[in-house]
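Spelled out from the first residue to the last, the chains are:
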Amino acid sequence: MPAWKKARAVLRADTVARAVALCVDTRRGVLVVGPPGSGASRCAADIAAGLRAAGIPVAVWDDLDRPGASRAVPDGTVLVASARVGAALPPGREEVVSARTTRLPLRNLTRGQSEAAVSAAVGVPLSARLIEALWACSHGNLTALRATYDDLATRGLTRRTCDRLELTVDPATAIAGVAVDPQLWIGGGGNGHGGLRPGGVDPVTDALTTVALARRIRIQDLERLHGCDVVSDLVARALVAEAQHDGAQMIFVQPPVLASALRAGADHRRRREAYDAVLALPGIVQPDPTIVLWALFQEPAMHAGRVDGPAVVAATRAALDGHDYRTGVELSEAAQRAGLGMTPLQQAELALVAGSCLRLLDRVQEAAGMLERSLECLRAVAGPRGDDDEPGGPDFTRVLIENVTARADLAHYRDRGPENSLPLIEAARGFLTPGHPAHSVLDALTVVHLSYAGRYREAARAHAELGAPQVDAAPFHPAPLHPGLPHPASLSAEWERRLEAIHALALDALGQSDAALAVLRRLGDC
């Protein structure tokens with residue numbers, strides 16, 4: 001049974017109903033495009049059936065991107081067609097379809113559905129690793145899939161066994177070496193959007209290169225830079241996809257390997273143009289870490305003051321979250337060389353994030369020095385200060401808790417002595433006023449590191465003494481670097497479960513196996 005029927009029955013009814021209503025109102029047809037196996041042909045047939053039921057004459061062009069004889073569409077007839085996403089339409093039909101239809105892209109398939117689609121598109125049974133590599137490079141773009149398949153075969157990375165075609169290396173290694181001309185995926189020529197730019201680059205490729213270099217950009221900003229017609233074509237052909245980022249709807253190149261090829265093919269002039277354009281956009285989302293790093297090496301006038309202290313801190317955090325640790329370290333070093341004006345609290349946060357990047361690069365001694373620098377900046381904040389860096393405020397407390405958590409973990413890792421973490425946690429209390437809600441966070445960290453040190457009796461006692469946060473205290477909502485770091489508002493929920501699990505280990509180590517089992521059962525019921 002086609003994937004469309006199995007998994008998209010509910011979506012199909014709604015999609016078909018809206019498409020039929022639009023065609024009836026406008027007397028304009030529809031071109032349904034989707035990944036192989038997603039049911040574009042079936043969806044187009046259902047739309048045509050709905051139009052016939054409404055008494056409207058219909059002409060159906062199925063599999064429009066495949067070779068075939070041209071068909072005439074009588075006047076007054078609504079054209080309903082289907083095609084595979086990413087496949088270029090024949091020149092004789094593209095003009096007719098553009099004039100008489102509106103494109104309707106279908107969603108990508110799930111992983112299970114994609115396996116069947118890839119095997120059907122290639123025509124032979126494939127191993128799971130080969131399917132993973134092909135789908136990661138194509139995401140439903142049939143042209144990209146075939147180009148990647150040919151590239152892997154040319155490099156000798158596939159072999160046929162008795163019943164299937166296999167990949168001889170791991171998928172990540174195979175994907176890293178894929179080298180295919182982007183024009184095979186995008187399609188050559190000017191695509192009807194104003195011809196080629198100077199230098200022989202068509203507008204679609206130029207716009208896709210901007211998206212690939214920016215890595216995250218709003219569709220409105222891309223329309224401002226390259227025009228609505230070009231961006232509409234990218235969306236209709238599913239060469240860009242949308243996702244939420246920092247509360248805004250961002251777009252990125254689809255498939256990801258195409259983005260890598262476009263970035264690799266962009267020369268210095270093209271990168272400078274894209275970075276300048278992105279930095280000049282009045283966006284609500286901070287630019288990509290690579291763009292911020294590039295701007296720090298330029299004159300301040302080139303980026304019009306868009307790269308300031310908060311932007312560098314946000315970019316460094318984005319690099320850490322994206323596992324691009326080297327860029328995170330380079331951002332910190334470039335900000336120091338550029339003499340960027342930053343408050344002591346911003347300097348503390350930047351050093352903290354850079355230290356976390358160094359730690360994950362296994363540059364342990366440099367990470368320790370960077371975290372100590374962050375602590376020194378916090379001490380400067382705790383001295384004579386302004387209103388923005390209030391030591392009792394949420395930003396100061398968040399950075400302090402992140403700092404002590406990172407330093408405690410680093411001491412545990414570097415010295416192989418969990419007990420060395422305990423004095424660091426205790427010393428952090430000197431930055432907080434009595435009764436501050438962050439004390440409960442430090443209490444929770446103490447429980448964790450006492451358990452790490454094997455001092456289970458003390459850990460059990462500290463767990464029993466761990467109280468709920470004061471309800472009349474100032475609100476505190478840190479955004480921790482450490483994945484297990486709580487804040488007082490969550491100690492009774494998620495963090496409480498973590499502490500209970502550690503408490504169960506302590507009870508078992510103390511010989512109270514029945515009590516530990518009861519705790520674990522209670523956790524399992526939650």
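Here, the structure is the one placed above.
Procedures and definitions
Residues numbered from 1 in each chain as written. Predicted model: local features only at pLDDT ≥ 70, side-chain atom pairs only at ≥ 80, totals over all residues. Heavy atoms only, no water. Pairing = 2+ DSSP bridges. Helix = DSSP H or I, 4+ residues; strand = E, 2+ residues; numbered from the N terminus. Axes fitted to C-alpha atoms, helices over the stretch in contact; angles between N-to-C directions. Salt bridge = Lys/Arg side-chain N within 4 Å of Asp/Glu carboxyl O. Buried < 20%, exposed > 50% of the residue type's maximum accessible area, 1.4 Å probe, protein only. Phe/Tyr/Trp six-rings, centres within 6.5 Å; stacked < 30°, edge-to-face > 60°. Polar contact = N/O pair within 3.5 Å; in protein donor to acceptor, adjacent residues only side chain to side chain.

## Side note on the sheet that holds strand 1 (residues 29–34)
Now for step 1: Taken in spatial order, the four strands make up an open sheet running 2-3-1-4, and their pairing is parallel. With one partner strand each, in any of the chains shown, strand 2 (58–61) and strand 4 (101–105) form the two edges of the open sheet. The mean inter-strand angle of the sheet, taken between neighbouring strand axes irrespective of direction, is 15°.
Now for step 2: Here strand 2 pairs with strand 3 (residues 78–84) via four bridges, running parallel. Each bridged residue has a counterpart across the sheet, and for Val58 the counterpart in strand 3 is Val78.

## Here we look at the pattern of salt bridges
Now for step 1: Scanning the entire structure with this criterion turns up 16 salt bridges.
Now for step 2: Glu349 is the partner of Arg398 in a salt bridge, and the nearest nitrogen-oxygen pair spans 3.0 Å. Taken together, the residues Arg398 in helix 20 (residues 394–415) and Glu349 in helix 18 (residues 344–360) connect sequence positions 49 residues apart. No difference in accessibility class separates Arg398 from Glu349, as the two residues are buried.
Now for step 3: Arg379 is the salt-bridge partner of Glu376, the closest N and O atoms lying 2.6 Å from each other. Separated by three residues within a single helix, Glu376 and Arg379 lie in helix 19 (residues 364–382), roughly one turn from each other.

## Observations concerning the packing of aromatic side chains
Now for step 1: Enumeration over the complete set of coordinates arrives at two aromatic pairs.
Now for step 2: Between Phe396 and Phe431 the ring centres are 6.5 Å apart and the planes differ by 45°, which places this aromatic pair in the tilted class. Here the residue Phe396 occupies a position in helix 20, and Phe431 occupies one in the loop between helix 21 (421–428) and helix 22 (438–452), the gap between them amounting to 35 residues.

## Considerations on the side chain of Arg216
Now for step 1: Following the sequence through the fold, Arg216 ends up in the loop between helix 10 (203–214) and strand 7 (217–218).
Now for step 2: A polar atom in the side chain of Arg216 sits 3.1 Å from the backbone oxygen of Pro287.

Any functional reading would require information that these geometric values do not contain.
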